[in-house]
Each structure stands twice: as C-alpha cells, then as structure tokens.
Amino acid sequence: MKTIRIRYTILALLLISMIYACKKVDLSKISSDAWNPSLAVPLAKGEFSVYDVLEKDTGDLIVIDQQGALALIYTSEKVLLNAADVASLPDQNFNFSESANGIGAPIVPSYSGTQTFNYSEIISLANPLGADLYDVDFKNGLITITTSTTLLHDVKYTFSFPDLTENGTPVSRVINLVYGGTVPQIGSTTINLNTVFADLTNGPNADSEINVNVAVEITGSGNPIIGAESIDFSFSVANMEYDLVHGYFGMQNLFNAMDTVDIKLFNNFTSGSFSLINPSIDLTFVNSFGLPVQIGINQIKTKETTSGTEYPLTGFPPTFNVTAPITVGQSSSSTLSLSTSNTGNLNTIITPTPKSLIYDVDGISNPAGQAINFVKDDSKLKLKGTLNLPLEGFATGFMFSDTIEASADFDQEFVESVMIRLNTENGFPVEANVKVLLVDQNYSLLKDLTSGTQTLIGAAPVNSAGKATTKVQKINDFTITKAELPLLSNMKYIIFEVDSQTFQGNQGTIVKMYEDYMFNVRLGMQVQGSVQF
C-alpha cells in the first residue's frame, strides 16, 4: 500500500489560504481476485470554516464585528527608549586642594592648640544628555572620600552633605588623621547611596549640584604651621543607580527607530491584484516617562519582498505628540490612527501584494520647552504598530503553485479505468481555477489530469452588502483510461497550478469575509475493473 496525499485550495476574501486534506488510500483493494466490475473508494472529505482557512496561513489575530464580518490584525512591538537612554549617571571624580593658609590656619613656629576651620565646596553631577537634575532617589552607588594633608598635626575632617539625606537625616562622615611622624597623612571613608535621597537644587545653578560643608579640625603637636601645607580631599562617585530622577531633560533628539510588521497573508503567492477598501494603521505609543515626546514620522511604506519594490505612504502627518503620565508608576497611551481618510494612498500601497509594512520614526523630548520631567528606573517608551485589514474588497489573478509527492502502486491488470471525483460546496465568495499535472521524478509531464485549467471551486455570489448569499456546488470528474494507467507507475509528483479571484473580482465587486462561511469537499475514486472467472 502507498500513500497518496492531495491538497485542496480555496481563496478567502483577498486572502488566499491553503486547506489541507489527507487520506491514506488502500489501492490493494483492486486485486486480481476482485469479482466486482466497479469499485467506489471514498478518499477524503472535510468541512472547513473561515478559521480553518485563515489561521493555517496567517497565525495572526482574527477579530469579528457585531455583524460577524472579519478582519486580520498584524502587529509588531518595539521599545524605543529605556530609562538609561534618558537619565544615566556615569562614574565621576571630584578633587579639591587647599593650603593651610587658605583655610585660615595661623602661620606659627609651634602650634599646640585645637582649632576648627570651615569652608564649602560644590559637587556638580554630570550626565550624558546635559539634563538639569533636580533630585535623585538612589538605589545604588558609592561615594568614596579620600583625604590627604602634609600638616604635621592631628587633623579631623568632618564632611556634611545637607543635600543628601538618609531617612530624612543629612549625611555626614568623619576622617581622623593622627600624626605619626610622616606625611602625607592619608585617610578615607565611604557613603553607600542605596538609601540616600539627593536634593540637587540648592546650589548656585539650582540643579545638578551637591553642597559639601567641610570642617577641618587641627590639634597641634607642637610642630609649626608654615601655611603652605596641603589640605586635599577627593570624591569618587561610582556605580550610581536611581529609582527615580526628577529634572528637565531638555529638547533632545532621543532616538531614531525602524520596525517591520510582517504580513503573512501574502507569503504563499507569486502574483495577484487586490483592493482593500478600508485598511488602517495604528501607531500606539505607551509612555511611562514623565517626559512628553514629539514623534517625527519619517516614512511609512510597504515592501514586496520578492522584487524588493517599495510603496511609500503619502499624506500622513509629519509629527505626532506623545503625552506623559502625571503620576510616577503610571503610563500614558497615545495612538496615531491612519486610514484612507487621512492619508493619500493607504489602500493602494496595500494593493501590490506587500509582504511587510515598514515605519521609520524619531523622537524629540519636551517639544513645548521647559518642564519638570521624571524618569523611573523602569521607564520605557514603546511603540506598537498595528495593521488592520478588514476583509472587504476584491481580488483577481492570485496565482500560486504547489508540488506534492504522490505514487500509485497496484495491480493494473484487471483495471479498465480510474475516475476521480471532486465534489465541492463553497460558501466563500472566491473561486479557484486549477490545473493538475501528473509528472515523473524528472518533472516530465505524464498527464494533464484536468486537461487544462478548470474551475474546481466556484465562488459563492454576494448581495449588495458584499456577503455571500448561498453555497455553490461544483462536481469535477477526472478519468484515467486503461491506456494511461501505466503512467501512474512512473508518477512521482502532482503539481497544482492555481489561479483564483473573488466573486466578479474582475468587475470590482466588493465582497466581505464573515465568520459563518463554510467550505465542504468530498473526494472519491471509482475503479472500473474486469471480472476474473
């Protein structure tokens, strides 16, 4: 026994989809001791709904309106912007150097008392975008404070940071240097930033600055103070990570991004013309930055991947404003909807059987100017591109071919002829004209089973609303005569060449796809044999 696999095809409104039916055929029933001159063998039967037709070929979302009309939804999602792209805090170093005379220490031949000298410095935090930072709620980071002095006395450094608080209390650190007879005297301490909040608005520029108050207490050892001794310290800030940052991040070019929405609908077809009367594109921007963004729409186009031909969309707005959420932790969604009413040629760029939709966008922050922005550590700007294809329109000349393996191995001595009957009942407003060729392993033609192209599947007619009103039955018989039976022994493949269109597609008749459409198929084989006595 050998297996014969036969694939049936049907077009569904502007969407030509493959329907598969497979049945093992036991041709050994046709044997030399058969007493029946005629033997009918059912090969396959099936009933297919619109979901069987669509989902096999697309795998994408099918939506249904209240009337049962269908649309296909193709989507692609891309992250345009992450928190680190807007607010990042690189490692930084700050060095300060003074002299004993510069901080007010007396110049004396011998110093034995204790005296404290105060002065202030400012740390200016830098960031790649040059943003004005107002406050930072840290979740990680380390400030390492290093001191050095050539004073021949005990020195106590007290660093106070009124702009850095831990649980509401200003941060301070102390470094004690005890003179042991050698200089320079060096000491260090650290500040773990994981619980620190920084108010950066109290410096002279009112942003991005940390005030540092330094108290230098000198306890004399009897050695002199000549005034030129160094009083040095440095701040090394590393591994800064934030939970939340407020500031003004300027009017910046934030990104340029290109993405593609794959349209699987057209993957199997080599040619064809169709028209959808109501396609649309939704570009939905989901923004969890406290940062308004103006999107520049540089290009939207479709691309036919076989030839590489591109079809640009015209008439769309060049910019689109994305709103920002007011509350930290929330998101704001902004959608630009493009249709045939607000573009120049949306329905026509879909027509040349595109395989993909491509869009190119960029973004500028704070298009209206000065504002208070916020960035959370998990803030994102995401774009979801959606191509909506209501299955409403017409199609002509959709062609494709398919080749399957097939073989027939049975005793032909007592067979006079074989007739294959294909019986279809089609509720879809689509017809398929098919040529079936039997070929050998070299693809040389053995028999044109259909004797040219035949309409194997008839299109259901539609009413004025584009809905199919009745099913159309087609019965097709294909006969292999006794003289042709030896050809089956050499058969290796069956080639299907399909040319299809929607109901009166060449006249521009609009059809729609509805969820209640059905397609029924039955395949049988009748063997006319001779009787052995």
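This is a predicted model, so every value here is computed, not measured.

## Topic: the overall build of the chain
Across its full length, the chain carries four helices and 33 strands. Taken over 533 residues, the chain has a buried fraction of 50%. Partitioning the contacts of the chain with sequence separation of at least 6, the portion at a separation of at least 24 is 84%. Per element, the accessible surface of the chain, about 23400 Å² overall, is 47% carbon and sulfur.

## Digging into the pairing of strand 22 (residues 356-365)
By the criterion of burial, strand 22 is predominantly enclosed, with eight of the ten residues buried. Where strand 15 (residues 253-262) lies against strand 22, nine bridges are found, and the strand directions are antiparallel. From the neighbouring strand, Phe255 faces strand 22, where its bridge partner is Gly363. Sheet topology note: the strand 18 (residues 293-304)/strand 22 ladder contains ten bridges and is antiparallel. Residue Lys303 lies in a different strand from strand 22, and its bridge partner there is Ser356.

## Here we look at the side chain of Glu209
Position of Glu209 among the secondary structure elements: in strand 13 (residues 209-219). No salt bridge is formed by the buried Glu209, whose closest oppositely charged neighbour, Arg173, lies at an N-O distance of 22 Å. Not counting residues up to four positions away in its chain, the partners in contact with Glu209 are Ile122, Ile123, Ser124, Asp163, Asp199, Leu200, Gly203 and Pro204.

## Observations concerning the packing of aromatic side chains
Here the structure, examined in full by the defined rule, presents twelve aromatic pairs. On the basis of an interplanar angle of 50° and a centroid distance of 6.1 Å, the ring pair of Tyr119 and Phe233 is categorised as tilted. Here Tyr119, found in strand 7 (residues 114-124), pairs with Phe233, found in strand 14 (residues 230-248); they are 114 residues apart in sequence, far enough to count as distant. A relative accessible area of 2% means that Phe233 is categorised as buried.

## Thoughts on the nonpolar core
By size, the foremost hydrophobic cluster in this structure holds 131 residues, and its most contacted members are Tyr157, Phe159, Phe161, Phe235 and Phe255. It is strand 14 that provides the largest number of residues to this core, a total of seven residues. Not counting residues within four places of it along the chain, the set of residues in contact with Phe159 comprises Ile145, Thr147, Val171, Ser172, Arg173, Ile175, Val212, Asn213, Val214, Phe233 and Phe235.

## As for the pairing of strand 11 (residues 185-192)
Of the two faces of strand 11, only the one carrying Gln185, Gly187, Thr189 and Ile191 is buried; Ile186, Ser188, Thr190 and Asn192 on the other face are not. In this structure, strand 8 (residues 132-149) lies alongside strand 11, joined through eight bridges in antiparallel fashion. The residue of strand 11 that forms the bridge with Thr144 is Thr190.

## Brief notes about the confidence of the model for the chain
Low pLDDT marks stretches whose predicted atomic positions should not be read closely. Mean pLDDT over the chain: 85, with 86% of residues reaching 70 or higher. Overall, residues 1-36 carries pLDDT values under 50, and its contacts beyond four positions in sequence, including any with other chains, amount to 123 contacts.

## Some thoughts on the pattern of salt bridges
Following the criterion strictly, the structure yields eight salt bridges and no others. Lys376 is paired through a salt bridge with Asp243; the nearest N and O atoms lie 2.9 Å apart. Taken together, the residues Lys376 in strand 23 (residues 373-376) and Asp243 in strand 14 connect sequence positions 133 residues apart. Among the charged side chains, a network of salt bridges with common partners joins Lys139, Asp243, Lys376 and Asp377.

## A word on the side chain of Asp135
Here Asp135 shows up in strand 8. Buried and unpaired, Asp135 has no salt bridge, with Lys376 as the nearest side chain of opposite charge at 12 Å. In contact with Asp135, not counting residues within four places along its chain, are Phe197, Ala198, Asp199, Leu200, Leu244, Val245 and His246.

## Regarding the environment of Ala206
Secondary-structure assignment places Ala206 in the loop between strand 12 (196-199) and strand 13. On a C-alpha basis, the gap between Ala206 and Asp132 in space is 8.7 Å, while along the polypeptide they are 74 residues apart. Ignoring sequence-local partners within four residues, the contact set of Ala206 consists of Tyr134, Leu200 and Thr201.

## Some thoughts on the environment of Val136
By secondary structure assignment, the location of Val136 is in strand 8. Along the chain, Val136 and Glu241 lie 105 residues apart, while their C-alpha atoms are 9.3 Å from each other. Residues within four places of Val136 in sequence aside, it is in contact with Leu89, Val196, Phe197, Ala198, Leu200, Tyr242, Leu244 and Val245.

## What about the environment of Ile364?
Considering the arrangement of structural elements, one finds Ile364 in strand 22. Ile364 gets classed as partly exposed once you look at its relative accessible area, which sits at 26%. Put simply, Ile364 and Phe255 are 109 residues apart on the chain and 7.8 Å apart in space, counted from C-alpha to C-alpha. Once residues lying within four places of it in the same chain are set aside, the contact partners of Ile364 are Met251, Gln252, Asn253, Leu254, Pro292, Val293 and Gln294.

## Focus: unusual backbone geometry
With omega at 0°, the peptide bond leading from Val183 into Pro184 counts as cis. As for its position among the elements, Pro184 is in the loop between strand 10 (169-177) and strand 11. The phi dihedral of Ala206 is positive, around 65°, even though this residue is not glycine. The exposure class assigned to Ala206 is partly exposed, which follows from its relative accessible area of 38%. Non-glycine residue Asn366 carries a positive phi angle of around 45°. Following the sequence through the fold, Asn366 ends up in the loop between strand 22 and strand 23.

Calculation notes
Residues numbered from 1 in each chain as written. Predicted model: local features only at pLDDT ≥ 70, side-chain atom pairs only at ≥ 80, totals over all residues. Heavy atoms only, no water. Helix = DSSP H or I, 4+ residues; strand = E, 2+ residues; numbered from the N terminus. Buried < 20%, exposed > 50% of the residue type's maximum accessible area, 1.4 Å probe, protein only. Contact = heavy atoms within 4.5 Å. Areas by Shrake-Rupley, 256 points an atom, 1.4 Å probe, with all protein chains shown as cover. Pairing = 2+ DSSP bridges. Lys, Arg positive; Asp, Glu negative; His and termini not counted. Salt bridge = Lys/Arg side-chain N within 4 Å of Asp/Glu carboxyl O. Phe/Tyr/Trp six-rings, centres within 6.5 Å; stacked < 30°, edge-to-face > 60°. Core = buried A, V, L, I, M, F, W, Y, C linked by side-chain atoms within 4.5 Å. pLDDT = per-residue confidence, 0-100.

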